[in-house]
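# Structure at a glance
Okay, here's what each chain looks like letter by letter:
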Amino acid sequence: MNKFSLNLCAEVLTNSFENNFSADSQLSYFFKKNKNIGKYERSLIAETYYNVIRNKSYLETLGATSNPFKLILVYLVKLQGRSVRDLSPHISEEDSLWLSEIKSVKLKDINLSKKLSLPEWFWLKLIRQYKEKLATQIANSLLLPAQLCIRVNTLKEKNRNKVISELKDTFNEEKEQISKTNLSPLGIKLPRGSYIQRLPLFLEGDIEVQDEGSQLLSYLVDPKRGHMVADFCAGAGGKTLAIASLMKNTGRIYSFDISGKRLDNLKIRLKRSGASNISIQRISSENDNKIKRLKEKFDRVLIDAPCTGFGTLRRNPDLKWKHSEKSLMELVDKQRNILKSASRLCKKKGLLIYATCSLLDEENELQVEKFLLENSNFKLLPKSVILKKYGIVIDEEKYLKLNPLKNDTDGFFGAVMEREN
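Notes on the structure in this doc start here.

This part takes up the packing of aromatic side chains. The full count for this structure, using the stated rule, is 12 aromatic pairs. In this structure, Lys56 is placed above the aromatic ring of Phe17, and the distance from its NZ or CZ to the ring centre is 5.2 Å. The side chain of Lys70 reaches across the aromatic face of Trp98, ending 4.7 Å from its centre.

So, in structure tokens, the structure goes:
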């Protein structure tokens, strides 16, 4: 990195640390403001930016404090292996001397949570759930960047092989890195950083950006033609659109969310997708009157609950610095209330699907177990009963549990419950 790109990267990191915007939103806004930055430098800045955020705690322990410029320098010499001599023309003599001292530092007894750049409270929870060896492996997998994952939109009569062929023609130099996903029948992996937003495949709705784990949650809903389906926390609608595709544009999908901005994004995606069975519904809360009027009307109710998002740290590394044990407990209460309210939409013999993109059992198994204890009219269905119908074979656990280490997906949890009476 030259002096220009170093300073730009420090600037966007400073903005990211000072504001409450997501890391990707902050970077996107920065590039829109600085359109003069070339493609190569954009790529370099983005990669450095995300890697500094991923490893922030470790870099601070190595001696960078929380100064964004110094964090970048320590990242370059300690994690990338760059020499101080290479960087010297682009930094001050004082920084060169300081960096030379940092370069020679060897930390012997560093706290594992610092080395893995995780908040201590989150690290302790991972150890409790997975034991130290496996927790360490999972934590290391969260430090790696994720590939771009897309879903083929079958409403546009495209098949995966044909789309892969077209993508390989487009990204010829990187075609060997384009492949089918391991689990989802409609997923494709692309090299990270692939820019698809101007491709005809994307503009015409033939493909949608969606992590493989999120695609599997849509299959877990097991929607049938003619069903009434509720996507209770629809967000920007990735799963809504996938469910519409599985239903072949029949039946009706109600996409509920409290955020008008997220639903506006769904409207944009909806126009491209060709889906015509989706009703977008903004609600004020889980207790909105719209919800009460639709009691027991739905064959399927999907709750992709608001959560810490710790399963997505490969893509959203800043999330780990935005949560605490207190905010976790607040989310757990919110999830419980949403699950209770949304379950009332489910008709007899209908399915209630609870999901998060978290790795923590407080947000996952414990929520489901508590709900089942308090609602004897629901029973748990093993996820394999549903997924095998689609040729998706994962381990025999009763819940869908995915993580980057084991499945090379984001971390996801899913549980299917049937209303018996």
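Time to look at the pairing of strand E1 (residues 148-152). Burial within E1 is extensive, with five of its five residues counted as buried. Residues Leu148, Ile150 and Val152 of E1 are buried on one face, and the alternating residues Cys149 and Arg151, pointing to the opposite face, are buried as well. For E1 and strand E3 (residues 187-190), the ladder comprises four bridges, and the chain directions are antiparallel. In the sheet register, Leu148 faces E3, and the bridge partner there is Leu190. Here E1 runs beside strand E4 (residues 207-209); their pairing, made up of three bridges, is antiparallel. Residue pairing across strands places Arg151 opposite Glu208, the latter belonging to E4.

With respect to the helices, strands and loops of the structure, Asn407 is situated in helix H19 (residues 404-407). The exposure class assigned to Asn407 is buried, which follows from its relative accessible area of 9%.

As a packed pair, helix H5 (residues 68-79) and helix H7 (residues 93-104) sit with axes 10 Å apart at the nearest point and diverge in direction by 50°. Classified by the angle between their axes, H5 and H7 sit oblique to one another. In the crossing of H5 with H7, the sense of the turn from one axis to the other is right-handed. Residues Phe69, Lys70, Leu73, Val74, Val77 and Lys78 of H5 pack against Asp95, Trp98, Leu99, Ile102 and Lys103 of H7. Across the contact of H5 with H7, the residue classes tally to seven nonpolar, no polar and four charged.

With 23 residues, helix H9 (residues 120-142) extends just 15 Å between its outermost C-alpha atoms, more than 12% less than the 33 Å of an ideal straight helix rising 1.5 Å per residue. Buried within H9 are the following residues: Trp121, Phe122, Trp123, Lys125, Leu126, Tyr130, Ala135, Thr136, Ile138, Ala139, Ser141 and Leu142. Summarising the contacts, the buried residues of H9 are in contact with helix H8 (112-115), helix H16 (325-343) and H19.

Across the sheet, four strands lie side by side as E2-E3-E1-E4; this open sheet has antiparallel pairing. Pairing within the sheet leaves two strands with one partner each, and these edge strands are strand E2 (179-180) and E4.

Along the polypeptide, Gly187 turns up in strand E3. Taking the C-alpha atoms as reference points, Gly187 and Gln215, 28 residues apart in sequence, are found 7.7 Å from one another. Excluding residues within four positions of it along the chain, Gly187 makes contact with Ile150, Arg160, Ser179, Lys180, Thr181 and Gln215.

Among the nonpolar cores identified, the biggest contains 36 residues, and Leu6, Ile45, Tyr49, Ile72 and Leu99 are the most heavily contacted of them. Taken together, the elements giving at least two residues each to this core come down to helix H1 (3-18), helix H2 (23-33), helix H3 (39-54), helix H4 (56-64), H5, helix H6 (84-87) and H7. By residue number, the principal contributor to this core is H5, which donates eight residues. Leaving out residues up to four positions away in the same chain, Tyr49 has contacts with Cys9, Val12, Leu13, Ser16, Ala23, Gln26 and Leu27. With 33 residues, the next largest nonpolar core counts Leu241, Leu302, Leu400 and Val416 among its residues.

Reading the values: the criteria
- Residues numbered from 1 in each chain as written.
- Predicted model: local features only at pLDDT ≥ 70, side-chain atom pairs only at ≥ 80, totals over all residues.
- Heavy atoms only, no water.
- Phe/Tyr/Trp six-rings, centres within 6.5 Å; stacked < 30°, edge-to-face > 60°.
- Lys NZ or Arg CZ within 6 Å of the ring centre and 35° of its normal.
- Buried < 20%, exposed > 50% of the residue type's maximum accessible area, 1.4 Å probe, protein only.
- Helix = DSSP H or I, 4+ residues; strand = E, 2+ residues; numbered from the N terminus.
- Pairing = 2+ DSSP bridges.
- Axes fitted to C-alpha atoms, helices over the stretch in contact; angles between N-to-C directions.
- Parallel < 35°, antiparallel > 145°, perpendicular 65-115°, else oblique.
- Left-handed = near helix turned anticlockwise from the far one by under 90°.
- Contact = heavy atoms within 4.5 Å.
- Nonpolar A, V, L, I, M, F, W, Y, C, P; charged D, E, K, R; others polar.
- Expected span 1.5 Å × (residues − 1).
- Core = buried A, V, L, I, M, F, W, Y, C linked by side-chain atoms within 4.5 Å.

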